[in-house]
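# Structural overview
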Amino acid sequence: MEIRPLEREKMVFENGAYGQRLLPWAALNAPFEGAWVTVPAHGATGAHSHHEYELFIAVNGEAVVESGGERRAFRPGDIEFHRPGTEHRILNDGAEDFEMYAIWWDSDMTAKFAARHEELA
């Protein structure tokens, strides 16, 4: 068993939020990438889009997710999905940090996973 701890003091600030990426992790072979994300109180991530599919899983606090021009409340337990090319961001107007986990994937990540899986089998 391997447990990778969240190291808040080492989280990197980029695109308006603090994050700790899932990879690199030598023991893990996965067809996806991920990150623990903290959007500071009264903050927001920058609006962006990319070629990957992506899931946001709200963990702690409350925020608003904006995706494809639509805004909705985003609370612990909520999961938001967007397709490649969809512009999105998180807005945290609250007095407390908002925390979520993001997972993203594409066909290239899947192919690399399959190749590593064959090597390890």
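Residues numbered from 1 in each chain as written. Predicted model: local features only at pLDDT ≥ 70, side-chain atom pairs only at ≥ 80, totals over all residues. Heavy atoms only, no water.

On to the pairing of strand β7 (residues 70–74). Looking at chain direction, strand β6 (residues 63–67) and β7 are connected through 5 bridges and run antiparallel. The partner of E66 across the bridge, within β7, is R71. Connecting β6 to the antiparallel partner β7 that follows it, the hairpin turn spans 2 residues, and G68 within it adopts a positive phi of roughly 60 degrees. (Pairing = 2+ DSSP bridges. Helix = DSSP H or I, 4+ residues; strand = E, 2+ residues; numbered from the N terminus.)

Before going further, it helps to spend a moment on the UniProt feature "domain: Cupin type-2" (unreviewed entry) in the protein chain. Per the UniProt record, the feature "domain: Cupin type-2" (unreviewed entry) sits at residues 36–104. In the segment residues 36–104, helix accounts for 0% and strand for 58%; the C-alpha atoms at its two ends are 12 Å apart. (UniProt positions renumbered as here; feature names shortened; annotations may be inferred.)

The next subject is the packing of aromatic side chains. We describe a pair of aromatic rings using the distance from one ring centre to the other and the angle between the two ring planes. Applying the stated criterion to the full structure yields 6 aromatic pairs. Here the aromatic rings of Y53 and F81 are separated by 6.2 Å at their centres, their planes lie at 10 degrees, and the arrangement is stacked. Placement of Y53 in strand β5 (residues 53–60) and of F81 in strand β8 (residues 79–82) is noted, with a sequence separation of 28 residues between them. The class for Y53 is partly exposed, based on a relative accessible area of 32%. Ring centres of F74 and F98 lie 5.7 Å apart, and the angle between their planes is 45 degrees; on these two criteria the pair is classed as tilted. Placement of F74 in strand β7 and of F98 in strand β10 (residues 98–105) is noted, with a sequence separation of 24 residues between them. The two residues F74 and F98 agree in class, both being buried. Cluster of aromatic residues (ring-pair linked, three or more members): Y53, F81 and W105. (Phe/Tyr/Trp six-rings, centres within 6.5 Å; stacked < 30°, edge-to-face > 60°. Buried < 20%, exposed > 50% of the residue type's maximum accessible area, 1.4 Å probe, protein only.)

What follows is about the sheet that holds strand β4 (residues 43–44). The 4 strands lie next to each other as β4-β9-β6-β7, forming an open sheet whose pairing is antiparallel. The open sheet has two free edges, formed respectively by β4 and β7, since each of these has just one partner strand.

Applying the stated rule across the entire model yields 7 salt bridges. Among the ionic pairs, R8 bridges to E99, the shortest N-O distance being 2.4 Å. Of this pair, R8 sits in the segment before β1 (12–14) while E99 sits in strand β10; the two residues are 91 residues apart in sequence, bridging distant segments of the chain. Residue classification places R8 among the partly exposed positions, given a relative accessible area of 45%. Put simply, E66, R71 and R89 are held in one network by salt bridges that share partners. (Salt bridge = Lys/Arg side-chain N within 4 Å of Asp/Glu carboxyl O.)

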